[in-house]
Amino acid sequence: MPTDNRVFTVNHDVEVPVSVPGAVWTVGAVILNQDGEAFAQKRSLDRRLFPDTWDIVGGHVEADETLLDALAREVEEETGWRLRHVRRFLGTSTWTGDDGAGLRHEADYLVEVDGDLDHPALEWSKHSAYGWFGPDLARLRENRAPGEFLIHDLIARAVQDRPESS
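Quick caveat, the model's predicted, so the values are computed rather than measured. (Residues numbered from 1 in each chain as written. Predicted model: local features only at pLDDT ≥ 70, side-chain atom pairs only at ≥ 80, totals over all residues. Heavy atoms only, no water.)

**With respect to the packing of aromatic side chains**
Scanning all chains against the criterion turns up seven aromatic pairs. A ring pair is formed by phenylalanine 39 and tryptophan 81, whose centres lie 5.0 Å apart and whose planes are at 70°; its orientation type is edge-to-face. Separated by 42 residues along the polypeptide, phenylalanine 39 in strand β3 (residues 38-43) and tryptophan 81 in the loop between α1 (67-79) and β6 (82-96) bring together distant segments of the chain. The same class applies to phenylalanine 39 and to tryptophan 81, which are both buried. Considering the side-chain rings of phenylalanine 50 and tryptophan 95, the 5.4 Å spacing of their centres and the 55° angle between planes classify their relative orientation as tilted. Pair noted here: phenylalanine 50 is in the loop between β3 and β4 (54-55) and tryptophan 95 is in strand β6, with a separation of 45 residues, a long-range link. Each member of the aromatic cluster is reached from another via a ring pair, and the members are Phe39, Trp81, Tyr130 and Trp132. (Phe/Tyr/Trp six-rings, centres within 6.5 Å; stacked < 30°, edge-to-face > 60°. Helix = DSSP H or I, 4+ residues; strand = E, 2+ residues; numbered from the N terminus. Buried < 20%, exposed > 50% of the residue type's maximum accessible area, 1.4 Å probe, protein only.)

Okay, structure coming up:
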């Protein structure tokens, strides 16, 4: 559902890709704590898409949502935190999942959230663990084939290029 009265702010230079009709879009949020570590959650073994792998917060964009409204919804649904600020656009990627549902386009963002970062309200039926990562990110490659390091590489880029707080 569209959010007309956003409760989050967006840096003026943040890009928001335009979706073409019929394209399937997802969004992802890289969330850093005060120590510059990135949040990731491990997908449950019984998940249809990327089971037992680490993932950032995010998900599918519904037909009536903008990318940023979907980002806010996913952050709240998956962690209980509230999106406060979209700091930077990290880029888009296209990928085909291992679920047979075809090509997706993903827009990823570096964001700030409000909430108790030590106690996320995970969807435990969908995620089996969570952690804060940095500077050692090797664990993010668990259960991924060589070359399938989208989450690892995305978090590495966000942590490496970490902007100073404003």
